[in-house]
Amino acid sequence: MDTLLPAIADAAFDRLKDVLDNLGAAPPQVLLLEGGSEAQRMDAARYWAARINCPQAAATGKPCLACPSCLQIAAGEHLDLAAYDGRISNREDEENPGPVRAFNMERVRELKVRLRDAPHGQGRRVVLLMGLSLTRDEASNALLKALEEPSATSVFVLLAPQREQLLPTLVSRSFCLTLPWPDSHADDTDMQPWEDALAQFLVQGQGFLDKVAGKGAIDGSGATRLLLCCQKAMSRILSGSHDPARPLDAVLARLHVTGRATACQWFTEAQEALNYGVTPARVLEALAARLFARLRMPD
């Protein structure tokens, strides 16, 4: 029943599922899933949770994706599945509590208490963590301590577009798997003028802000497409397959390692701002200004 987790139903994810099935015999305490889209990372994490909680998996080596346990996991409703997102505000978490909670100190304290209890079922408790930042705040430090305490009954899954967006100490504790990347070489020809304008601004400091500020120049959909162009350029750079002849590739490749990680985080934050209804022009202006300044900072 691949339709239970549609984001990873494509044959391109068969190898990933095989790896997860094999890991299920001896689950790592911390699994990091990077690459793919947000929906694909979430479905891959739920597949992993099903693999180590499906009653049939011990005999077959893979989840059935049909039993009550698998169905509850796919819906995010299993008692041994917990999910936290650093992008959810404390206010939103309190006013609209859902299956995915905010990642804050209060939730980390609750989680640490919960981890002391045995799972409800015969498998393991699975804790999904997404939207984590590079900031070492109180909640992050508490999480690191939790990860340092081996548990035979609980496992963690970190989800991020790129591992560079996470604290290195988190990555170092993780078994990392990369989902198939979106085609980073596929061009969005309609956005090429915007790519070139952004690249020119990052070099010369001119043109892009005026272009963005034009009345009706770019809407939310266009801004999202431009952000995707930026993310694809960074994916090419991180994989060593960027094209120096592409202006945006050439400029972003000037960023050093820490700068690239920061830029990846900014791309994500810009998309979140668009999702929350911030004016596309303001989002792109802020992103361009941050990148312009970062390119001129020593690492």
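Cut-offs and rules
- Residues numbered from 1 in each chain as written.
- Predicted model: local features only at pLDDT ≥ 70, side-chain atom pairs only at ≥ 80, totals over all residues.
- Heavy atoms only, no water.
- Domains from an automatic or database assignment.
- Contact = heavy atoms within 4.5 Å.
- Buried area = accessible area lost by both parts, 1.4 Å probe.
- Salt bridge = Lys/Arg side-chain N within 4 Å of Asp/Glu carboxyl O.
- Polar contact = N/O pair within 3.5 Å; in protein donor to acceptor, adjacent residues only side chain to side chain.
- Nonpolar A, V, L, I, M, F, W, Y, C, P; charged D, E, K, R; others polar.
- Helix = DSSP H or I, 4+ residues; strand = E, 2+ residues; numbered from the N terminus.
- Phe/Tyr/Trp six-rings, centres within 6.5 Å; stacked < 30°, edge-to-face > 60°.
- Buried < 20%, exposed > 50% of the residue type's maximum accessible area, 1.4 Å probe, protein only.

- As annotated in an unreviewed UniProt entry, the chain carries the name DNA polymerase III subunit delta and is attributed to Desulfovibrio desulfuricans.

## Examining the domain arrangement of the chain
Size of an interface: often given as the accessible area lost when the parts come together.
For step 1, the next point in the chain: In terms of domains, the chain is made up of domain 1 (6-178) and domain 2 (189-295).
For step 2, the next point in the chain: Taken residue by residue, the interface counts 9 residues in domain 1 and 8 residues in domain 2.
For step 3, the next point in the chain: Of the roughly 750 Å² buried between domain 1 and domain 2 on both sides combined, carbon and sulfur atoms contribute 51%.
For step 4, the next point in the chain: Our count for the domain 1 to domain 2 interface comes out at 1 salt bridge.
For step 5, the next point in the chain: The tally of links between domain 1 and domain 2 comes to 0 residue pairs in polar contact (both at pLDDT 80 or more).
For step 6, the next point in the chain: For the side of domain 1 that touches domain 2, a count of residues per class yields 3 nonpolar, 3 polar and 3 charged.

## Some points on the environment of Leu-4
For step 1, the next point in the chain: Here Leu-4 lies in the segment before helix H1 (14-23).
For step 2, the next point in the chain: Between the C-alpha atom of Leu-4 and that of Asp-43, which follows or precedes it by 39 residues, the distance is 9.1 Å.
For step 3, the next point in the chain: Setting aside anything within four residues of it in sequence, one finds Leu-4 in contact with Leu-65, Cys-70, Leu-71 and Ala-74.

## Remarks on the packing of aromatic side chains
For step 1, the next point in the chain: Overall, the coordinates contain 3 aromatic pairs when judged by the stated rule.
For step 2, the next point in the chain: Judged by centre distance (6.1 Å) and plane angle (85 degrees), the rings of Trp-194 and Phe-208 are edge-to-face. Remark: Phe-208 occurs in helix H10 (residues 208-213) and Trp-194 occurs in helix H9 (residues 192-204); sequence separation between them is 14 residues.
For step 3, the next point in the chain: On the accessibility criterion, Trp-194 (10% relative accessible area) is buried.
For step 4, the next point in the chain: Take Phe-208: its relative accessible area is 1%, and that puts it in the buried class.
For step 5, the next point in the chain: A centroid spacing of 5.4 Å and a plane angle of 45 degrees characterise the contact between Phe-201 and Phe-292, whose relative ring orientation is tilted. Taken together, the positions of Phe-201 in helix H9 and Phe-292 in helix H14 (residues 280-294) put the pair 91 residues apart, joining distant regions of the chain.

## What to know about unusual backbone geometry
For step 1, the next point in the chain: Its identity is not glycine, yet Leu-65 carries a phi of approximately 60 degrees, on the positive side.
For step 2, the next point in the chain: Within the fold, Leu-65 resides in the loop between helix H3 (57-60) and helix H4 (68-74).

## Brief notes about the environment of Pro-119
For step 1, the next point in the chain: Following the sequence through the fold, Pro-119 ends up in the loop between helix H6 (105-115) and strand E4 (125-130).
For step 2, the next point in the chain: Looking at Pro-119, the relative accessible area reads 14%, which means it is buried.
For step 3, the next point in the chain: Sequence separation between Pro-119 and Asp-190 is 71 residues, and the spatial gap between their C-alpha atoms is 51 Å.
For step 4, the next point in the chain: Those residues in contact with Pro-119 that lie beyond four places of it in its chain are Asp-80, Arg-124, Arg-125 and Thr-153.

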